[in-house]
Number of protein chains: 2
Amino acid sequence: MEFHPLKFGFLCTILLVMVSVLGVDGHGGMRSTLGNNRLLGIFSEKIRSSRIAHSHASTTSMPLYEGYNYTQILDHFAYTPESYQTFPQRYFIDKSHWGGSQNNSPIFVWLGAEIDITYNLDVGIFIDQAPRFKALVVYIEHRYYGTSMPFGGKDEAYSNASTKGYFTSTQALADYATVIVDLKKTLKAENCPVVVFGGSYGGMLAAWFRLKYPHLTIGALASSAPILYFDNITPTYGYYSVVTKDFRDVSEICYRRVNESWDMMDKIASSPQGLLNLSMLFNTCENITDKDAFYYELEYMYMSAAQYNFEKICNAMNSLPGDVDTVSRIAAAANYAHKGQCLDLSPPNFTYSGWIWQICTDLVIRVSNPPGTTMFPPSSFDFNSYARNCYLKLGVYPRQHWATTEFGGHDIKRVLKDFGSNIIFSNGLRDPWSSGGVLANISESIVAITTEEGTHGQDIAYPSASDDPVWLKEQRQKEIIIIQKWINDYK
Amino acid sequence: MEFHPLKFGFLCTILLVMVSVLGVDGHGGMRSTLGNNRLLGIFSEKIRSSRIAHSHASTTSMPLYEGYNYTQILDHFAYTPESYQTFPQRYFIDKSHWGGSQNNSPIFVWLGAEIDITYNLDVGIFIDQAPRFKALVVYIEHRYYGTSMPFGGKDEAYSNASTKGYFTSTQALADYATVIVDLKKTLKAENCPVVVFGGSYGGMLAAWFRLKYPHLTIGALASSAPILYFDNITPTYGYYSVVTKDFRDVSEICYRRVNESWDMMDKIASSPQGLLNLSMLFNTCENITDKDAFYYELEYMYMSAAQYNFEKICNAMNSLPGDVDTVSRIAAAANYAHKGQCLDLSPPNFTYSGWIWQICTDLVIRVSNPPGTTMFPPSSFDFNSYARNCYLKLGVYPRQHWATTEFGGHDIKRVLKDFGSNIIFSNGLRDPWSSGGVLANISESIVAITTEEGTHGQDIAYPSASDDPVWLKEQRQKEIIIIQKWINDYK
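Residues numbered from 1 in each chain as written. Chains lettered and ligands numbered in written order. Predicted model: local features only at pLDDT ≥ 70, side-chain atom pairs only at ≥ 80, totals over all residues. Heavy atoms only, no water.

Moving on, we get to the state of the cysteines. All names here are of chain A. Taken as a whole, this structure holds six disulfides over all chains when the rule is applied. At a sulfur-sulfur separation of 2.0 Å, the disulfide partner of C360 is C390. Where C360 bonds to C390 through sulfur, the torsion about that S-S bond is close to -75°, and the disulfide is left-handed. Of this pair, C360 sits in the loop between α13 (354-359) and α14 (383-394) while C390 sits in helix α14, and the two are 30 residues apart along the sequence. Each member of the pair, C360 as well as C390, is classed as buried. (Disulfide = S-S within 2.5 Å. Helix = DSSP H or I, 4+ residues; strand = E, 2+ residues; numbered from the N terminus. Buried < 20%, exposed > 50% of the residue type's maximum accessible area, 1.4 Å probe, protein only.)

What follows is the structure in structure tokens.
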């Protein structure tokens, strides 16, 4: 199975677009709150058997995952009768490379994030490095994703705020703690060092897990983890500005065309038959009735493109004859991106999205685009309207400062320079989420590894012997050397 | 107001006796589960006005506390509709010495524990050192104690497991985090360094707070904090063995008399009229029907004595004529300790005890006395019977490994030697709880300060200029120098 870069791209973009959907300000002519349901595809459940054999293009080893369910407690932080309910938390382990507890061989744990864990079973660094480290490989699914559903199933778990209320990042971290404690006990591996890994939201969890549970892990690789995208630590337009920079780096003219297109489309939209004309030009599945829903779709296209295929999108835009107008060029790019299929503008299913729940509760990521800052149409972040939307759609009110209260982030260099150790924050600077990442070393052992060319989660993707650029190989090598040092120091 | 050493002694003993009450094994002739309600006196609410003026024997300053209620959220870790309920969390601040936010003057925060916070407003190190450090002094009450009651009041909050279910140490830590964030914001003191302090259970909270919330505090003084009295980290008889050693150090003959008395009393108890005779001899308020309830009362006397007044108890025992039998000597000591009042053997009010709830939920402290280890009557710790009692009395089932899963403790030196910083673990080795404390330095800045002669929480008690021994003054000086260094390093 070859690595699908879009898997990470999707996640990355979803993180943002869902924020946009909720967070934009309805006042003052700025965009209102709508959404895009195609983004939710990634959340659909993929049922696999509990024993999965993966094959890889350049494989020398065939990972053999054993699937288990841990009987997990619903609420680690309360002792009400309800809190004692349990659910099956799924995890997979691959023992085939493990040196065993008698050798204190390491345990590599992938902390699942906002996706069915079976989508993550090809984490490259594990497949590539487990044999070398003689590591036990463990993948733990995040509660309320995949099959790790309280209350009997997704329909029940997602039915209302009472059942969804235990769906939080703190509970997820405590889940990982209890599974790791149990697993080490079962395997008599109490003395084996555990290293945790995660990407994107999972990278945030990995960093937080090392900070909150240092007794259960000796170190964390947090790939593309925007742990600073809370409160006002990162400018709200950080994400958009990296996308904009990515486009300019590839094609200044492409950037300028996107930048100027919004005003032009505004003009068309406000003319008689304008929305109908745009609908035909952009091949929307239904006629455009809300301009913002349509703009979101275009934004999503640019954001996806910012991950992997700038050139092709820009080519589709730029290769038309010189007299073609800008809006038609944008339409050509959109049609290219959608491979001729119609553009779906229907709103997302808020109720069934795990990620929307998370950003409506403890992960309030503030994203907006003040006028003139980037190539995107202007938007502002207004917490009150964001919160109102969460309440209307999901019956829940976000706690906007909880993430920084619980996990910190402000002034991180001062706080962690003499506190904590053994975290790698890896970021590719082409990844828009890198704007909220840790990009400079904090201390000798809390380090940042950045690459100019890197994209979202690229370092932990499955390595390709022939195609990977030198800088990517070097980055991975750096990470492996550091992890090896953690293990040596532990022993 | 002079310092009342028994205030801490009481707490300390309560911590243990409540464990004994629940934890002993009903099998095999060992003691069954009963209790002693007088211990709960300390939990009774003491209502004071929100503005309290303290006077001190040797005062140069008169602390002026302003009382506030923070509107605290019921459940930080869930997003159910219930979790959004609020309660008034009480805190007191004394601004009179504060150098102000413009000078980044420090904030000293006392983390309330299992007691009405107004009992703690004379924490010595604050009163003594706040002027020197120009510190803002803050005392925050622990949820479910004092007036910081969810659901409208203690009757409601304590009525059943559903309302009590949010009464956990993790929620309490998150409470402190939110109050500190709010207070710093209100006072525009975001850049002022916060140092947290606590004693006994509060000392555990202080250490854990520094470990879990390093972004909100630069360091913690954890006085007499038995953070290692979980799972099997500390031997279950650690507490009893320190009490035993304390007695032997004072009087070997006193120790021997206590040690031999249990068998003698067993013999009396098993004879006809034996319990009646013991009742008369020991002046019990009601006739003894359960020998164990009576033994608990005596144990409690020894444990209290182990804090502060070994000599007097032993004197009462030893000063009788040579031909007086051992059991009568024990009775004389008991009558001395109770100042002629009758010995109350009625069982504790489990429902109204905050501390019993805590040890029946997340703080499972394992205490017992294997035969032959100490001067106390033998008992064993059996988790199943402990849990059964919690369930019968309170409708809740303890999570026995939660404390170490969430807070660690196993192999603490390895875990924290390169992780974390700025914690003082202070312990007096005459304090029975020191058996579960951190007694050796972990790293350069996670340090243990122990004193041979010290008792429970003595370092943070109000200093007496004339009476304090040199070693105690030196201990306090060491702590103050370290705290000053934290603040200097921060600045």
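Quick look at helix α2 (residues 124-133) of chain A now. Residue and element names in this part refer to chain A. Extensive coverage of α2 is indicated by the burial of seven of its ten residues. Lining the buried residues of α2 we find β2 (64-73), β4 (107-111), β5 (136-140), β6 (194-199), β7 (219-223) and α17 (470-490). In the stretch just after α2, K134 is the one whose phi turns positive, near 50°. (Contact = heavy atoms within 4.5 Å.)

All names here are of chain A. Tallied over the entire structure, the rule returns 22 salt bridges over all chains. Two residues, R143 and D175, come together in a salt bridge whose shortest N-O distance is 2.7 Å. Of this pair, R143 sits in the loop between β5 and α3 (154-157) while D175 sits in helix α5 (residues 169-186), and the two are 32 residues apart along the sequence. In this structure, R143 and D175 share a single accessibility class: buried. Measuring nitrogen to oxygen at the nearest pair gives 2.7 Å for the salt bridge that ties D468 to R476. The exposure class assigned to R476 is buried, which follows from its relative accessible area of 9%. Through salt bridges with shared partners, a single network forms among R90, D116 and E141. (Salt bridge = Lys/Arg side-chain N within 4 Å of Asp/Glu carboxyl O.)

Further remarks concern the pairing of strand β6 (residues 194-199) of chain B. Residue and element names in this part refer to chain B. Extensive coverage of β6 is indicated by the burial of six of its six residues. Here β6 shows two buried faces, one formed by V194, V196 and G198 and the other by V195, F197 and G199. Alignment of β6 against strand β7 (residues 219-223), held across five bridges, turns out to be parallel. By the bridge assignment, V196 is partnered in β7 with A220. (Pairing = 2+ DSSP bridges.)

Each turn of an α-helix holds 3.6 residues, which means side chains three or four residues apart point in the same direction. Within helix α11 (residues 310-318) of chain A the residues assigned to the buried category are F310, I313, C314, A316 and M317 of chain A. All buried residues of α11 of chain A lie within an arc of 155° about the axis, which places them on one face of the element. (Arc of directions from axis to C-beta.)

Our focus in this paragraph is the environment of E190 of chain B. All names here are of chain B. For E190, the location among the structural elements is in the loop between α5 (169-186) and β6. Given a relative accessible area of 46%, E190 falls into the partly exposed group. Considering only alpha carbons, one finds E190 and S368, 178 residues apart in sequence, at a separation of 46 Å. When sequence neighbours within four positions are dropped, the list of residues in contact with E190 reads K184 and K185.

So, on to the pairing of strand β4 (residues 107-111) of chain B. Residues in a regular strand project their side chains so that they alternate between the two faces of the sheet. Residues and elements named next belong to chain B. With five of five residues buried, β4 lies mostly within the body of the structure. Side-chain alternation along β4 places I107, V109 and L111 on one buried face and F108 and W110 on a second face that is also buried. Looking at chain direction, β4 and strand β5 (residues 136-140) are connected through five bridges and run parallel. Directly across from V109, in β5, lies its bridge partner V138. For the crossover that starts at β4, traverses helix α2 (residues 124-133) and ends in the parallel β5, the hand is right-handed. (Right-handed = clockwise from strand over helix to strand, strands pointing away.)

Turning our attention to the relation of the copies chain B and chain A. Superposition of chain B onto chain A requires a rotation of 180° combined with a translation of 0.0 Å along the rotation axis, giving an RMSD of 0.1 Å. On the angle and the small slide along the axis, the relation comes out as a two-fold axis. Residue G420 of chain B, judged by its C-alpha, is the member of chain B lying nearest the rotation axis, at 2.5 Å. (Least-squares fit on C-alpha atoms with pLDDT ≥ 70 in both.)

All right, on to the interface of chain B and chain A then. One frequently used descriptor of interface size is the decrease in accessible area upon assembly of the parts. On the side of chain A, 48 residues touch chain B, which itself brings 48 residues to the contact. Between chain B and chain A, the buried area comes to about 4000 Å², and carbon and sulfur atoms account for 59% of it. A per-residue breakdown of the area chain B buries against chain A is headed by Y79, R399 and F419 of chain B, which together make up 22% of the total. The tally of links from chain B across to chain A stands at zero salt bridges. Where chain B meets chain A, there are 23 residue pairs in polar contact (both at pLDDT 80 or more). Elements that contribute at least two residues to the side of chain B that touches chain A include exactly α4 (161-164), α5, α6 (201-212), α15 (402-407) and α16 (412-416) of chain B. With six residues, the top contributor of residues to the side of chain B that touches chain A is α5 of chain B. Looking at the side of chain B that touches chain A, its residues break down into 24 nonpolar, 16 polar and eight charged. (Buried area = accessible area lost by both parts, 1.4 Å probe. Polar contact = N/O pair within 3.5 Å; in protein donor to acceptor, adjacent residues only side chain to side chain. Nonpolar A, V, L, I, M, F, W, Y, C, P; charged D, E, K, R; others polar.)

Looking at the element boundaries, K212 of chain B is found in helix α6. Discounting residues that sit within four places of it in the chain, K212 of chain B has contacts with K212, Y213 and E406 of chain A together with E406 and F407 of chain B.

All names here are of chain A. The predicted model of chain A has a mean per-residue pLDDT of 86, with 86% of residues at 70 or higher. Between residues 1-14, whose pLDDT stays under 50, and residues either more than four places distant or in other chains, the model counts 35 contacts. Segment residues 23-60 is flagged for pLDDT under 50; beyond a separation of four residues in sequence, or across chains, it makes 127 contacts in the model. Scoring the predicted complex yields pTM 0.90 and, for the interface, ipTM 0.90. (pLDDT = per-residue confidence, 0-100.)

Our focus in this paragraph is the environment of Q358 of chain B. You can see Q358 of chain B is positioned in helix α13 (residues 354-359). Leave out the neighbours within four places in its chain, and Q358 of chain B touches E114, H142, Y145, F167, S169, Y201 and L363 of chain B.

Okay, the packing of aromatic side chains next. Counted under the stated rule, the structure contains 68 aromatic pairs over all chains. Relative to Y139 of chain B, the ring of Y65 of chain B has its centre 5.4 Å away and its plane inclined at 80°; by these criteria the two rings are edge-to-face. Of the two residues, Y65 of chain B sits in strand β2 (residues 64-73) while Y139 of chain B sits in strand β5, which places them 74 residues apart along the sequence. Residue class for Y65 of chain B comes out buried when judged on its relative accessible area of 1%. Y139 of chain B sits in the buried class, given a relative accessible area of 0%. Through pairs of rings, three or more aromatic residues link up here, namely Y229, Y239, Y240, F247, W262, F282, F294, Y295, Y302, F376 and W433 of chain A. Taking the ring centre of Y84 of chain B as reference, the NZ or CZ of R399 of chain A above it sits at 4.3 Å. (Phe/Tyr/Trp six-rings, centres within 6.5 Å; stacked < 30°, edge-to-face > 60°. Lys NZ or Arg CZ within 6 Å of the ring centre and 35° of its normal.)

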